Amino acid sequence: MTVAIITDSTAYISESQRNQMNIHMVPLNVVFGTESYQEEVDITTDEFYPKVREVEQLPKTSQPSIGLITEKLRELAEVHDQIIFITLSSGISGTFQSVVTAQAMVEDINVFPFDSEISCMAQGFYVLEAAEMAKDGQDAETIMKRLHQMKTSLRAYFMADDLTHLHRGGRLNGAQALIGSMLQVKPILHFEDTKIVPYEKIRTKKKALKRIFQLFEEDASKGAPIKATVIHANREAEAMEWKHQLESRFENVDVCVSYFGPVIGTHLGEGALGLGWYKK
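A brief look at the structure comes next. All values reported here derive from a predicted model rather than from experimental measurement.

## Details of the overall build of the chain
Per the secondary structure count, the chain includes 11 helices and 13 strands. Here the C-alpha atoms of the chain give a radius of gyration of 18 Å, agreeing with the 19 Å that 2.2 N^0.38 yields for 280 residues. Oriented by its inertia axes, the alpha-carbon framework of the chain measures out at about 55 × 50 × 30 Å. Looking at the chain as a whole, 53% of its 280 residues are labelled buried. Taking the contacts inside the chain whose residues are at least 6 apart along the sequence as the reference set, 74% of them involve residues at least 24 apart.

So this is what it looks like as structure tokens:
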């Protein structure tokens, strides 16, 4: 049995790594006025943040069309026996539901949709694990079982520097955004039941990042091997410093640096920082 691994662009796995691991990708879109760009294809993260600063209106985002997903599944069905499609959280995008719909339109192959219930490199962790297992010849059922097992230890927390984007994009309710901006609160956010919700309200960025570090420490101090990612929205120097702190403090932790790309960056805004991890 050969298993194809496919994800959407919001896992933010580099093209070189996707090619190396035989990972397939379907892009989401970011829309500036009447111009639509496929992220990671037509627009890079380095191009995105300067462009946002130049425009008056915030961009919008859209999921891949069912037609595009179906076309990709049919293409993979020609050379694979099974397909696992790992998507960003169904609570912030209709991509997962589109995969479920497309699944019924593709014959002669089993498609396994997996709702990561998260996004960015935390979603990417599932993709990389699945790709590694597929490379080793594991079947889809075995891989899916491992992905569900990973969910029990995977955690991620992040801080948006400005809640305006989340509020205007409909990803955080109005009262929460208003309170945050009035009091200059930097809430720690996380995914709960597929949605982005405040985890704790913290008054300053410094304290918010310190609290995320503490939450990580609760798991890392137990000594089990942990894979972690520091995620940033155009704040690479800060992310690298955080990575250094984590690795110098914990010998059992392997940390990579990733980013909030155009689609997720549209909702979080520049300056956001996050930390995600799971037990290996």
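Additional details are given in the paragraphs that follow.
## Let's talk about the sheet that holds strand S1 (residues 3–8)
Pairing in this open sheet of 4 strands is parallel, and the strands run S2-S1-S6-S7 from one edge to the other. Each edge of the open sheet is held by one strand with a lone partner, namely strand S2 (23–26) and strand S7 (110–115). When strand polarity is set aside, the average angle formed by the axes of neighbouring strands in this sheet is 25 degrees. By the bridge criterion, 4 bridges tie S1 to S2 in an arrangement that is parallel. Across the sheet, residue Ile-5 finds its bridge partner in S2, namely Ile-23. Running over the sheet, helix H5 (residues 120–135) touches S1, S2, strand S6 (82–87) and S7 and is turned about 165 degrees from S1.

## Considerations on helix H10 (residues 236–249)
Here H10 spans 20 Å end to end across 14 residues, near enough to the 20 Å set by a 1.5 Å rise per residue. Those residues of H10 that fall on the buried side of the exposure criterion are Ala-239, Trp-242, Lys-243 and Leu-246. Burial along H10 is one-sided: seen end-on, the buried residues are contained in an arc of 105 degrees. Pointing more than 90 degrees away from the buried face of H10 are the exposed residues Ala-237, His-244 and Ser-248. Considering only its buried residues, H10 is in contact with helix H9 (205–220), strand S11 (226–232), strand S12 (253–259) and strand S13 (273–279).

What counts and how
- Residues numbered from 1 in each chain as written.
- Predicted model: local features only at pLDDT ≥ 70, side-chain atom pairs only at ≥ 80, totals over all residues.
- Heavy atoms only, no water.
- Helix = DSSP H or I, 4+ residues; strand = E, 2+ residues; numbered from the N terminus.
- Rg over C-alpha atoms; globule rule 2.2 N^0.38 Å.
- Buried < 20%, exposed > 50% of the residue type's maximum accessible area, 1.4 Å probe, protein only.
- Contact = heavy atoms within 4.5 Å.
- Pairing = 2+ DSSP bridges.
- Axes fitted to C-alpha atoms, helices over the stretch in contact; angles between N-to-C directions.
- Expected span 1.5 Å × (residues − 1).
- Arc of directions from axis to C-beta.

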